[in-house]
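The chain contents come next:
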Amino acid sequence: MGLLFVPPICAQGMPAQAASSSPGSPAKLESDAVGWLQDLIRINTTNPPGNELEAAKYIAAILTREGITPEIFESAPGRGFLVARLSSSAVPDPSRALLLMGHLDVVGVDKSKWTVDPFGAVIKDGYLYGRGAIDDKGMTVANLAAFIALKRSGAHLIRDVVFLAEGDEEDSGETGMKFAVEKHWDKIACGFALNEGGNVVMSGGKVQYIAVQASEKIYASVDVIATGTSGHASVPRKDDPVTHLAAAIAKIGVYEAPVQFNSVTRGYFQGLSQVIDEDTGKWMRELESSDRGDHAARTISEANPEWNAMLRDTIAPTMLQAGIRQNVVPAEARGVLNIRLLPGNMPEPLIAKLQTLVNDPQIRFEIEPGAGENAPSSSLGSDLYGSISRVSDRQFPGAKVLPYMSPWATDSMDLRLRSVQAYGLVPFPLSSDDLARMHGNDERIPLESFREGIEYVSAILADFAAAK
């Protein structure tokens, strides 16, 4: 699949919100952006199947109206990515370029568990509800608005700024970021990137800290397979694979890998200890002490499951499958483990440990294809990290900027493997309740936080990409 031609679009062919958009005040752009986000939420891009190209064409219309030429590349029927560029000079310098990126696909929903239509983009009580409101259509639209604001400003750019809206992030990435990197790197080549992955964390109604993702854990799915003798269930056997699988999963489910630190998690806990409540902060400062470190790790792990996941490799049993009939003992039973490894770790040593732990010759482990790759961390001394820190100090006075290793995976992995200094930052001030709704029911974004996010990204672009 290749480039799809995007023709110029006249005002009467524009989406309603885009047609009304014209150069003006930041408030007008922010108001338009709310409409863009509503329209994108209403385009159902649940992955699978994705349907990202319909959303990409919607964004293309907005960019075309602004005098920016977008390109859309199709990776599979109905799937692909959009890219647009603001050039600093006639001769591109990819090593200095900034990639501003977000993804268009979303995870599925159970509509019966929502209080509103998940694809209705309902505004209620100061919130915009809908699947993708935060992850990741909200950020994609905030990036789009900041990109357009930069174009409208007429600022002299000192580096190219590339806008990317891609797909398939919620699945394998094969028709999204991997396709973009492997087949069209010349269109998105960059030295720096701003993506999802971090958070602007609110507590008590104000921003407490900004977690800037500079690293992420590596994912791997591992099959746990129990084999035995098939037969009539009226004559049970001791080698029943269901029983052996259940025993193995029970042991794996309570296993904890040892604590390990890296420069990113070390900086995160040291910085967070200064803004968190004193009792928790005390134990964070003791995490690496020789005499109290183990107790500190237990305390921190029990206080917050995310902190536990940042301290060690984790294993989560996620699927079980066995049997064909109620009265037949199957010959095989299977489980799936979702493993998240600290950067630099490989799955084989952990699987060997689990094999020893289970200690059952009827159990074997197999790594599924498509595991993540070990990517280096992004530098905490780069120019972009410096811009994020400076702007954060102005935008959220008193809040601390912390390096962050996300327990989840993002498309930044594919960029870091190409030596790109990529950082994750969902730019909206969000409470723990709002964050917990991502991938859950009643996902929503506060409209005021959405506005602040647009201003935040715009300020980062101005600081990093425009001449002073």
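In this text, all values refer to a predicted model and were calculated from it rather than measured experimentally.

## Let's talk about the overall build of the protein chain
Check the secondary structure of the protein chain and you find 16 helices and 20 strands. Against the compact-globule benchmark of 23 Å for 468 residues, the protein chain has a radius of gyration of 24 Å, which places it among compact chains. Referenced to the eigenvectors of the C-alpha coordinate spread, the extents of the protein chain come out at roughly 75 × 55 × 45 Å. Evaluated residue by residue, the protein chain yields a buried proportion of 55% over its 468 residues. Expressed as a percentage of contacts within the protein chain between residues at least 6 apart in sequence, the contacts between residues at least 24 apart total 78%. As displayed, the protein chain offers around 19500 Å² of accessible surface, 52% of which is attributable to carbon and sulfur atoms. The average position of the 43 basic charges and that of the 58 acidic charges among the side chains of the protein chain differ by 1 Å.

## So, the packing of aromatic side chains
All chains considered together, the criterion is met by twelve aromatic pairs. Residues Phe192 and Phe464 carry aromatic rings whose centres are separated by 5.1 Å and whose planes lie at 75° to one another, so their mutual orientation is edge-to-face. Here Phe464 lies in helix 16 (residues 447-465) and Phe192 lies in strand 8 (residues 192-195), a separation of 272 residues in the sequence. The exposure class of Phe192 is buried, given its relative accessible area of 11%.

## Side note on the nonpolar core
Trp36, Ile59, Leu63, Ile210 and Phe450 are the most contacted members of the largest nonpolar core, which totals 91 residues. Ranked by residues supplied to this core, first place goes to helix 4 (residues 137-153) with nine residues. Ranked by size, the runner-up nonpolar core spans 21 residues in total, among them Ala226, Tyr255, Ala333 and Leu337.

## Looking at the sheet that holds strand 20 (residues 444-446)
What holds strands together in a sheet is hydrogen bonding between their backbones, with the strands either parallel or antiparallel. Strand order in this open sheet of three strands is 5-6-20, and the pairing throughout is antiparallel. With one partner strand each, in any of the chains shown, strand 5 (123-124) and strand 20 form the two edges of the open sheet. In the sheet, strand 5 pairs with strand 6 (residues 127-129) via two bridges, with the strands oriented antiparallel. By the bridge assignment, Lys124 is partnered in strand 6 with Tyr127. Running over the sheet, helix 2 (residues 26-42) touches strand 5, strand 6 and strand 20 and is turned about 20° from strand 6.

## Concerning the layout of surface pockets
Empty space among the atoms becomes apparent when a probe as large as a water molecule is rolled across them. Computed from the structure, the second largest pocket encloses a volume of approximately 260 Å³. In this structure, the second largest pocket is lined by 17 residues; those nearest its centre are Pro26, Leu29, Ala149, Leu150 and Ser458. Sorting the residues of the lining of the second largest pocket by element identifies helix 2, helix 4 and helix 16 as the ones contributing at least two each. By residue class, the composition of the lining of the second largest pocket is ten nonpolar, four polar and three charged.

## Observations concerning the environment of Gln362
Among the structural elements, Gln362 can be located in the loop between helix 12 (347-358) and strand 16 (363-367). Along the backbone, Gln362 and Arg418 are 56 residues apart, and their C-alpha atoms lie at a distance of 42 Å. Apart from residues lying up to four places away in sequence, Gln362 is in contact with Ile225, Ala226, Thr227, Gly228, Asp239 and His244. There is a polar contact of 3.2 Å between the side chain of Gln362 and the side chain of His244.

## Some details on the sheet that holds strand 15 (residues 332-341)
Read from one edge to the other, the open sheet built from four strands follows the order 13-15-11-16, with strand pairing classed as antiparallel. Since the sheet does not close on itself, it has two edges, and those belong to strand 13 (314-322) and strand 16, each with one partner. Across the sheet, the mean angle separating the axes of adjacent strands is 25° when strand polarity is ignored. As paired elements, strand 13 and strand 15 share eight bridges and run antiparallel to each other.

## Here we look at empty space enclosed by the protein
Taken as a whole and assessed by the stated rule, the structure comprises one cavity of 30 Å³ or more. Residue lining of the largest cavity: Ser215, Glu216, Lys217, Ile218, Glu373, Ala375, Pro376, Met413 and Arg416, and that is the complete set. Broken down by secondary-structure element, the contributors of at least two residues to the lining of the largest cavity are strand 10 (206-216) and helix 14 (412-416). In terms of residue class, the lining of the largest cavity is made up of four nonpolar, one polar and four charged.

## Details of the side chain of Asp442
Inspection of the secondary structure assignment puts Asp442 in the loop between helix 15 (432-436) and strand 20. In contact with Asp442, other than residues within four places in its own chain, are Trp114, Thr115, Val116, Tyr129 and Arg437.

## Comments concerning the pairing of strand 17 (residues 400-406)
Regular strands place side chains that alternate from one sheet face to the opposite one. Along strand 17, six of the seven residues are buried, which leaves the element largely enclosed by surrounding structure. When strand 10 meets strand 17, the two strands line up parallel, connected through seven bridges. Each bridged residue has a counterpart across the sheet, and for Tyr209 the counterpart in strand 17 is Lys400.

## What about the confidence of the model for the protein chain?
Reading predicted coordinates in detail is not appropriate for stretches of low pLDDT. Considering every residue of the protein chain, the mean pLDDT works out to 94; 95% of them sit at 70 or more. The model gives residues 5-22 a pLDDT under 50, and that stretch makes 36 contacts with residues more than four places away or in other chains.

The rules behind each value
Residues numbered from 1 in each chain as written. Predicted model: local features only at pLDDT ≥ 70, side-chain atom pairs only at ≥ 80, totals over all residues. Heavy atoms only, no water. Helix = DSSP H or I, 4+ residues; strand = E, 2+ residues; numbered from the N terminus. Rg over C-alpha atoms; globule rule 2.2 N^0.38 Å. Buried < 20%, exposed > 50% of the residue type's maximum accessible area, 1.4 Å probe, protein only. Contact = heavy atoms within 4.5 Å. Areas by Shrake-Rupley, 256 points an atom, 1.4 Å probe, with all protein chains shown as cover. Lys, Arg positive; Asp, Glu negative; His and termini not counted. Charge placed at Lys NZ, Arg CZ, Asp CG, Glu CD. Phe/Tyr/Trp six-rings, centres within 6.5 Å; stacked < 30°, edge-to-face > 60°. Core = buried A, V, L, I, M, F, W, Y, C linked by side-chain atoms within 4.5 Å. Pairing = 2+ DSSP bridges. Axes fitted to C-alpha atoms, helices over the stretch in contact; angles between N-to-C directions. 1 Å grid on protein atoms, 1.4 Å probe; cavity = no way out; pocket = protein on both sides within 12 Å on 5 of 7 lines; lining within 4 Å. Points joined across faces, edges and corners; volume = space filled by probe spheres on them. Nonpolar A, V, L, I, M, F, W, Y, C, P; charged D, E, K, R; others polar. Polar contact = N/O pair within 3.5 Å; in protein donor to acceptor, adjacent residues only side chain to side chain. pLDDT = per-residue confidence, 0-100.

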